[in-house]
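Each chain is listed here by its residues.
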Amino acid sequence: MDKIDGLMFRRMILSGASNLKKNADYVDSLNVFPVPDGDTGTNMNLSMSSGAAEVEPLDDAHIGNVGKHFSKGLLMGARGNSGVILSQLFRGFSKAIETKEEIDTDDFIEALKQGVNTAYKAVMKPVEGTILTVAKDAGKKAEEFNGSDVSMVELITTTLEEAKASLKRTPDLLPVLKEVGVVDSGGQGLVYVYEGFLSALTGEEIPDNPAQAVESFTDDGHDHDNDFNDFMSVDDIEHGYCTEFMVRFEDDKRQFNEDDFRNEMSEFGDSLLVINDDEIVKVHVHTERPGEAFTYAATYGELIKMKVENMREQFRTVHGEKNKAAEKQSYDTAIITVSSGDGINELFKSIGVTHVINGGQTMNPATEDIVNVIKGEDVKKVIILPNNKNIIMAAEQAVEVLEIPAIVVASTSIPEGLASMLSFNPEASLEDNKAAMSESLEHVQTGQVTYSVRDTKIDGVDIKKDQHMGIAEGKIITANDSKKDALHTLISKMINEDTEIITILIGEDGTEEEVESVIEDIEGAHEDVEFEIHNGAQPVYSYLISVE
């Protein structure tokens, strides 16, 4: 077979998803840290399954159409960094084939190339020795056959072989992989997808059962009594007209360039959102001059679905009818956080978070979960606190999907998320809040106490299965048979002469007695340090520590 149509591509996708699902536990086991949260395989499986669920009902021979559905499913279901990168690989791939009914080997090679380019652009600081490297090396190997008479089976076989070879080289590029004795987990997941592609193409072990849809981790944890209008007045609204419209491009009008359009539209006000495809651009902007914005936009084509709302009048109405507004679940700024543990969830709500998504290390919410948590509510703008480095990319994709102004404050831990909320100003703009909240992250050290799921040696620390590990800023610094000893050592090494306050969140298997005993031992030598204790009830981590 030298060409692939939509029907075959669908079979390849389902086969790739099935193979990844069967091996997800093994991919999880490749997690570098031996903590019970090795979730790369789970995230990639759920992401790929979401894409497969989109194409499973299709009976379409047009490969471009199948690619569009696959890309959409992956985007909305993407979880964790590896899941998001996987979605970007196939977003670029699908974009390259969107106009084609079937593709030949040269088309496949170009699609791989575009997928790699899209994935690299999506990552602010690409790291080699990861899934990105495996995809890039495999794609470059495929390029050697551009213009040749190689068959599709031979091409994908060679691509897979190079992906496996690149995977074996990942420890040479990332020293931590070599230290622990594993290959990159995301790259391994991609290899399983490619294996499934080849299996379907050759007619081997095509799966009978479709991939199951992804369950949502969303928990509607709203604080309906929280009304941010109490903190501001009508005079604080600088740009008073919420202006939305769409422009259908016309050939005899000005040629559309997204960057130029965005830059010129930004002159009319703030909270600008521009989403476009080849036929239409949708715009949201807060401005004092909606008429001028319409006039400018009309130079590109026909204006459709125009809407202007007087936000000052809305504020007066909402402020005068608080009870009615509460029933409508109206939020000027919705703050979405990802958290686990009833105690931690209540802490976030007590300092202004409006929506909590249950998730974290062992449950990375998807882009769709983040978007859906405010679906159907009257929300003007959004701040997202991922509280985990593996959720940041999904949060950033949610910002792209949301049709209202939104930002991500790149918190990588629960303590960072809590600290950032103390810098939130309901009267400030999204941009100013992002700057202030992000700046607060620099003044927080994060520590965790958890247990090891295997024997290993990392960061120079010998670790035995079931020992309790103290982790500071992502680095394992101690391993002890006792949780109390691990906590004591961890805090002792994190504290310094500038430390003012230490907050300890007690997890499901932690105890207040252990914490008080450790504090009693430490505070004698650090009389100026204040300690706070909260029952976080979080899973996985016996204790979460914030040092400020």
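Residues numbered from 1 in each chain as written. Predicted model: local features only at pLDDT ≥ 70, side-chain atom pairs only at ≥ 80, totals over all residues. Heavy atoms only, no water.

Undergrad: Any chance you could break down helix α15 (residues 342-350) for me, citing the residues and the numbers?
TA: Within the span of α15, buried status applies to G343, I344, N345, L347, F348 and K349. Positioned one or two residues after α15, G352 has a phi angle of 120°, which is positive. (Buried < 20%, exposed > 50% of the residue type's maximum accessible area, 1.4 Å probe, protein only. Helix = DSSP H or I, 4+ residues; strand = E, 2+ residues; numbered from the N terminus.)

Undergrad: Give a description of the packing of aromatic side chains that names residues and reports values.
TA: Counting across every chain of the model gives 16 aromatic pairs. With a centroid separation of 5.8 Å and 25° between ring planes, the pair formed by F9 and F93 is classed as stacked. Taken as a pair, F9 in helix α1 (residues 6-22) and F93 in helix α5 (residues 80-97) lie far apart in primary sequence, 84 residues in all. By relative accessible area, F9 is classed as buried at 1%. Aromatic ring contacts, followed pair by pair, group F9, F70, F90, F93, F108, Y194 and F197 into a single cluster. (Phe/Tyr/Trp six-rings, centres within 6.5 Å; stacked < 30°, edge-to-face > 60°.)

Undergrad: Can you tell me about the pairing of strand β7 (residues 330-339), naming the residues and giving the values?
TA: With 9 of 10 residues buried, β7 is to be regarded as a mostly interior element. With 7 bridges joining them, β7 and strand β9 (residues 378-385) adopt parallel strand pairing. By the bridge assignment, T337 is partnered in β9 with L385. Pairing between β7 and strand β8 (residues 355-358): 4 bridges, direction parallel. If you follow S339 over to β8, its bridge partner there is N358. Once you follow β7 into α15 and on to β8, the crossover reads as right-handed. (Pairing = 2+ DSSP bridges. Right-handed = clockwise from strand over helix to strand, strands pointing away.)

Undergrad: Account for the environment of T367, with residues named and values stated.
TA: Summarising the element assignment, T367 is placed in helix α16 (residues 367-372). Since its relative accessible area comes to 0%, T367 is described here as buried. Sequence-wise, T367 and V401 are 34 residues apart; in three dimensions their C-alpha atoms are separated by 8.5 Å. Once residues within four sequence positions are removed from consideration, T367 is found in contact with L75, M76, A78, A394, Q397, A398 and V401. (Contact = heavy atoms within 4.5 Å.)

Undergrad: Quick rundown of the sheet that holds strand β14 (residues 468-472)? Include the residues and the values.
TA: Sheet strands pair by backbone hydrogen bonding; their relative direction is either parallel or antiparallel. The strand order across the open sheet built from 6 strands is β15-β14-β11-β18-β16-β17, with neighbouring strands paired in mixed fashion. Looking at which strands have only one partner, the edges of the open sheet turn out to be β15 (475-480) and β17 (530-535). Neighbouring strand axes in the sheet, compared pairwise and without regard to direction, differ in orientation by 20° on average. Where strand β16 (residues 501-506) and β17 come together, 6 bridges link them in parallel fashion. Directly across from I502, in β17, lies its bridge partner F531. Set on the sheet, helix α20 (residues 483-494) makes contact with β11 (445-451), β14, β15, β16 and β18 (543-547); between it and β11 the angle comes to about 160°. (Axes fitted to C-alpha atoms, helices over the stretch in contact; angles between N-to-C directions.)

Undergrad: Hey, could you go over the nonpolar core for me, with residue numbers and the actual values?
TA: Ranked by internal contacts, the top residues of the largest apolar core, which has 71 residues, are I4, F9, M12, M48, F90, F108 and Y194. Per-element accounting of this core gives the leading share, 9 residues, to helix α10 (residues 185-202). When residues no more than four places from it in sequence are discounted, the contact partners of F90 are F70, S71, L74, V193, Y194 and F197. (Core = buried A, V, L, I, M, F, W, Y, C linked by side-chain atoms within 4.5 Å.)

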